[in-house]
Amino acid sequence: MTRFLPPTPCLGLVVLLILSISSTVEAQKKRKPIITALNAKWNQTPLILEAAEYLNSESTDFFWTFVSTISKIGDLSAKTDEEKYELVLEMAGKSLNPSQIDLLKFSLSLRTESPKVEMHSHLAIDRGVAGMKCPTVFDYGEKLSCALPTLAGSASKSVGYDIDHVYPSVYTDDTPEVIVYGEIGTKDLSEAHTKMVELATGGKVKYVLRHFVSRVTDEKVRLSGYGVELQIKSTEYKAQDDTKLDSEDNDDSGEESEEEVEGFLFNTLKTLHPDKVDKLAEMKQHLLDLNNDMAPMKVWQLQDLSMQAAQRIMASPDDERLKVMSDLASNFPSHARSLSKTTVSKDLKKEVKKNSDIFYSSLNVQPNDAALFINGQYFDMDFTDIFTILDTLRSEERVLGGLGSLGLTAKQTQSLLTLDLGSKQQTYGVDVRDTAVHWINDIEKDKLYKGWPGSVQELLRPTFPGMLRSIKKNFFNIVVMCDPAKAVSKPVLKLVESFYVHRAPTRIGLVFSVDTNLDKIGENDPGVAIANAFNYISTNKEPYDALAFITDVYSKGEDGEDVSLSDVRDTFMDSYGADVKMEDVFGEDSEYDVGRSLSEDFIIRSGLGSLPQVLMNGVPFEQKYLTSEDFEEQLLTTIMKETQVLQRAVYKNQLTDSMDMLDYLMQRENIMPRLNQRILASANTPMIAFAGEQLAGLSLDSFSTLDKRSMASTLARHLPYLVGKEGSKISKLRMVTVWIVVDLESASGRAVAKAAVAHVKSTNQMRIGVVHNSPNPGMISKAAEAALRNLGSSAAVSLLSKILKEDTANKLIEGKKKLSDYDIPGVEMNEFMKQMEEIDDELFNIHRTFVENVLAFDASKIGVITNGKVIGPLDDTEDLTNNDFDLLEKLTMSQYGEKLVQAFHNHLDVNSPEISDQAMLVAGLLSSRPAGKPRQDISFKSDQHSVITMEPRFADRPAFDVVAVVDPISRGAQKISPVLLVLQQVINAKIRVFMNCVDKHSEMPNKSFFKQVLEPSISFNEDGSLAAGPKAAFHNIPEQPILTLNMHTPDNWLVEPVKSVYDLDNIKLENIDGAVTSEWDLGSLLLEGHCFESGSGNPPRGLQLTLGTKNHPDFTDTIVMANLGYLQLKAAPGAWYLNLREGRSSEIYDIVSQENTDSKTGSKDVTVLMNSFQSRIVKLKVAKKADKKNEELLPRDGSDEDSGNGWFSSITNQFAGSGSADEQEDQGLNIFCVATGHLYERLLKIMMLSVMKTTKTPVKFWILKNFLSPSLKDFIPEYAKRYGFEYEYVHYKWPRWLNQQTERQRTIWGYKILFLDVLFPLSLKKIIFVDTDQIVRTDLIELRDLDLGGAPYGYTPFCDSNEDMEGFRFWKQGYWRNHLAGRKYHISAIYVVDLVKFRQIAAGDRLRGQYQALSQDPNSLSNLDQDLPNNMIHQVPIKSLPQEWLWCETWCSKESLKDAKSIDLCNNPLTKEPKLSAARRIVVEWTDYDEEMQRLGQEIAKDRLENVGSTSASDDITKSKDEL
């Protein structure tokens, strides 16, 4: 490096100058941090309540144990926050293991449970609890009181929710219910809880606890779990406001400063050495480039940056690598230049390339992806929030902790943990080869199908997609079970008849469920009459004629009415009256009255409840599809799926022409002799937790003191089992452990036990344990227990089979026979009698204690526990047969057993005596995991040179397997590396980070600084109070570039800045003294959803929905998009009610079904409890009312669209003044505008002023709120009040399914065009968009009233009159010239939209569809807001407005300025003149407007200062009112 030294006498001075300036520069860097914090809108929620909610989500038992323990301690109000926190961890430690405690700390740091606590507060406020003025409130009989009221039997109950905390006690629907509102840890609630537990335990009350914090605080909940990005902005055009801010008043940066670089004062040196100016300039540039991290880089320097970053990381010490990666990714623009000088080793390059190829082929992960794998589950970190990851960690830790307690090695634990058990879902069917089934046709034999080919090979012949193959085989056997006289059967039978008539390749069978009471005959019961008539016709005519007869009967009545007896008889008389006497068919002695009992038996065997039901090859349809709208579609879908299964069977030669088709179908493993819905529906039944303390011995005293988990764990250790086949070649592994809960002194209990024993004989997959639930155990119970404990397998089976026979049991109980009288093979009876006598009552009491406390079964009730899954208690009418145990085994093995058996054989000793106990616990743990993502096996070539590896913190605990595959300098790495740094402290994990580098870069890969706001645990101040909380703090950010601050929050968060002096869109530290701080609010949590019409499945375009609370039912509303039927609404923690908006929406439609809501089963009201930071997506189905079937929601032009008079708003409505009705709204001018950054907000004020100055019509501005600064939001209300216009903020979150833009400017462009159909109410007919940098010179009413000639919007074409710019007119060449085909290219600075037409032709949906397709290519839609409508000009026509509607100096001639109706300050690619300079030069009135706005700003600020005293005096009163 060449150095320039001044003459020697000055050297000391220069050195001093260098030192002083360097220290000044360093001090400035330190003094200019950028700090961002995000708060929730709601007040601080106590950590004790958040911890209680966390424990509740683990187990309700943990919650109530925690509440009771805290209540015993009493009042905690004197303790500091830190002391309460330590107490919480100590109390939680009684229920959670150390690893789970670490996750609890992380959860409290993230404040994940705060929305739940806040939701409870809202429920309390809605109920009026806050008005009671007491800390604990009782709600009984829908009346509130501050003391526990007298309980007088059953009374009316307040609204309850599934999320309510209900004390686990025995209660019925008639038990009095008391809801207690209070704060855990206060004296009042402790006393109330003690009283309530006493009453609940005695069965006198149903006790419900809801949180309510009566103390009011101004402190908000500080949030984390989001990212903050500082994006380097393009400076091609200056977009900064030149207004001086208050904090910059003393800045003297206006004066020319000395040019100092690296301590050299180049102005001074140039003065001293004028002959060396060129050399000095060269040296100065060299020094600048050498040390300026932000200097532009050449393409050759960029190429290997990813590999160079990987090399830098891997060259660091092992324990520093992740931190180095995090620093490189988070501050990449500052490191890029120094990274480019790093030499990359060949070994690293080779390993990265080979691993990258494997990741792409096996995982479909590319270098640009941000892939995180937790125990094999894949998370794309570009779209995954930390709350989702925490949920996964919690569910995985439950399993991990349980597996850890089994004494497995780390490798065994990991192999079991990563098993994917969720992929195979078997559907079971019932054998339809039964005489109860009346077959209408037989495709293989009937003449109707004579010409069809008869080989199964025809299935493999290609056909058009969706086409049904006509083959003479009974591939598809449909059996309809119904009561033919009921209205609900009509659509199904009509449809199967149409299938027959149209020769669909389906065989149709009918099973009629009619009254089996013999008093009911064809002369007094329409169902029996139809069955008799059907039997007569099918016997004497053809079976199809009998089906046609039924549909003829239906045609005589209304669709929604049951069949009348007279209709049946009349129809029969008309068709067959001449052939037979009516009495012979319908009379008491009719020979055609047959098959009633057979049908009833078949229906019972099918296990299906309410009718009608439809079976396809024995497998039942879901009943929700058996409607006239859905049945046909579902039937065809099922046939297509079944075709694929049969094609595979033919291809593998498992199905041939010689086989009987129905026999083949009924011999498949999923077809059972009997279906028991209790067993099949067991997926949602409760699980017993076994992860507790195990007692070495069994005694009632010690067993009774255990918690539920420990009771289950102890019983599991001591329970003896009955196994079936045993032998040296059969392993000891029994994957299905079944505990039968029975009273063997009852006949029903013995029947279940006998069925279980009979099944065990024939299987080597199941073992049986008996849990005695007998109030008075006798000889049978003792004999069974003694047999299980002392006899070998075959002897025990023989003895139990004998004594459980009803005849034998009765003789033994009655004393007619003695047990010793029987000769049981393999049993020495005298010895066995002694063993029986040793069984004492304490053992049975222990079993009863377990049944009462853990299962909550009454005495003598029957149930089954399969690997911890509880089925029961059974009703008195239910029974379990051998077939049911067969079904239970098949179901368990198909769901997860087969995979687990394979894993056990591969990784464990299957001949170990404890193997079946381990299998039971492992199966319980793994099958109870929530259905998560599929698990991937991470394969790679090697991990020696390019992989960061961190071993688990605790070698003695089970460890997570965490793998990240990421490019170290990508945007994904900015998010992944901070998460991994925190996870390293939170969980015990082996962490591996694979460098998946992009091979060659052609441009800067990342132009952002990034901070993830995330902490492993909560922090406190020295005095024990809660610290302010986490925030994003950027230090040592280069001062030259202009930065835009972007928030990266979970998809459903709507955040907005509430405090910020500086322009967050244009941060330039060079011009700022001190810190740039901003504070943001989580304004709303989004409720998203999808809405479709029942039947057609089409989205109801234009349907309006409202969301509100109990006290504010119309808080917010939205319009359903046609794209995916998408809807979004703004909410906050609390109970919300979703309804159709009053007006056309509610007049035409009803909501007919809902998913993922909190409504009670069968309720038509849609209730949603917002209680989480995570996304909430609901699904709605709507249907047109019977008398509105032909009405359209979106009316034709000119018709009245909305009779309602409420304002539509995408958030809480905000206006100036009192507002107006919908009819008046459209009479004025409606102007839509968007702005971001202080410069454009300054221009926005001036644009609004120019609109107001040029019209006398009432004006309403619709301002996009998403990007407004706090200062503008403070300014607009006063502006509106003083100038007499109305305004409303519209706020819409970019939908997650629509391709996101990364640059702020492009996002703004998207909002200008993509959401016009959903941003505004249906009552608004026309809206005019005006760019912020416009000056309007004419009354816009003229544009509003302009005839658009049937087009949905009107734009002004680009001017052609300025010939100097001809080379820049891109639309006159290449793609645009061909695409436009002579049409003009239009500018988007001002346009008018006919919203009625826009919605009618689905313009918004078309634009979004085209945008989604084109935006996948980053090089398309370079001017999104203009290119998109111009690209769609053939599908969505544009009305070309007269040229004078938009004048722009860049494209228009100076002569045409005099005619301009609006002037746009568009950028000039030749001069790149800044906006403000162009405005002052071009628009004569602009400076006056600007000064007028400056004066208004000063007046508003002055008024605020004067009002500050009076406002603060009344602050306390208003605040408390608002909060209540």
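Residues numbered from 1 in each chain as written. Predicted model: local features only at pLDDT ≥ 70, side-chain atom pairs only at ≥ 80, totals over all residues. Heavy atoms only, no water.

*Asks:* I would appreciate a short explanation of the pairing of strand 5 (residues 177–182) in the present structure.
*Replies:* The side chains of a regular strand alternate between the sheet's two faces. Across the six residues of strand 5, six count as buried, placing the element largely inside the fold. On strand 5, burial covers both faces: E177, I179 and Y181 on one face and V178, V180 and G182 on the other are all buried. The pairing of strand 2 (residues 137–140) with strand 5 spans four bridges and is classified as antiparallel. If you follow D139 over to strand 5, its bridge partner there is I179. Pairing of strand 5 with strand 6 (residues 206–211), which is carried by six bridges, proceeds in the parallel orientation. The partner of Y181 across the bridge, within strand 6, is R210. Following the backbone out of strand 5, through helix 7 (residues 187–201) and into the adjacent parallel strand 6, one traces a crossover that is right-handed. (Buried < 20%, exposed > 50% of the residue type's maximum accessible area, 1.4 Å probe, protein only. Helix = DSSP H or I, 4+ residues; strand = E, 2+ residues; numbered from the N terminus. Pairing = 2+ DSSP bridges. Right-handed = clockwise from strand over helix to strand, strands pointing away.)

*Asks:* Sorry, what's going on with the state of the cysteines here?
*Replies:* Working definition of a disulfide: a covalent bond connecting the sulfur atoms of two cysteines. As enumerated under the stated definition, the model contains three disulfides in all. One disulfide bridge connects C1359 with C1452, the sulfur atoms lying 1.9 Å from each other. Handedness of the C1359-C1452 disulfide follows from its S-S torsion of about 80°: it is right-handed. A residue pair is termed long-range when its members are at least 10 positions apart, and C1359 in the loop between strand 45 (1353–1357) and helix 44 (1374–1380) and C1452 in the loop between strand 48 (1447–1448) and strand 49 (1462–1464) qualify at 93 residues. Given the relative accessible area of 5%, C1359 is considered buried. Covalently, C1448 is tied to C1466 through a disulfide, its sulfur atoms 1.7 Å apart. (Disulfide = S-S within 2.5 Å.)

*Asks:* Could you clarify how one ought to interpret the nonpolar core in this entry?
*Replies:* For soluble globular proteins, the rule of thumb is that nonpolar side chains tend to be buried together. Core analysis: the biggest nonpolar cluster contains 326 residues, and F572, W739, F850 and F904 have the highest contact counts within it. For this core, the element with the most residues is helix 34 (residues 882–907), which contributes 10 residues. Grouped together as the second largest cluster of nonpolar side chains are 110 residues, C1359, M1365, W1371 and W1451 included. (Core = buried A, V, L, I, M, F, W, Y, C linked by side-chain atoms within 4.5 Å.)

*Asks:* In this structure, what is going on with the packing of helix 2 (residues 47–58) against helix 4 (residues 81–92)? I would like to understand it.
*Replies:* Geometrically, a packed helix pair is captured by the angle between its two axes and the distance between the axes. Helix 4 packs onto helix 2 with a crossing angle of 20° between their chain directions and a minimal axis gap of 10 Å. Classified by the angle their axes make, helix 2 and helix 4 are roughly parallel. As helix 2 packs across helix 4, the resulting crossing turns out to be right-handed. Here L47, I48, A51 and L55 of helix 2 come into contact with helix 4, specifically with K84, Y85, V88 and A92. In the contact of helix 2 with helix 4, the residues fall into seven nonpolar, no polar and one charged. (Axes fitted to C-alpha atoms, helices over the stretch in contact; angles between N-to-C directions. Parallel < 35°, antiparallel > 145°, perpendicular 65-115°, else oblique. Left-handed = near helix turned anticlockwise from the far one by under 90°. Contact = heavy atoms within 4.5 Å. Nonpolar A, V, L, I, M, F, W, Y, C, P; charged D, E, K, R; others polar.)

*Asks:* What is the right way to look at helix 29 (residues 779–790) in this model?
*Replies:* In an α-helix there are 3.6 residues to a turn, and that puts residues three or four apart on one side. With 12 residues, helix 29 ought to run about 16 Å at 1.5 Å a step, and its terminal C-alpha atoms sit 16 Å apart, in line with that. Taken together, the buried positions of helix 29 are I780, S781, A783, A784, E785, A786, A787 and L788. (Expected span 1.5 Å × (residues − 1).)

Worth remembering: the numbers are spatial, not functional.
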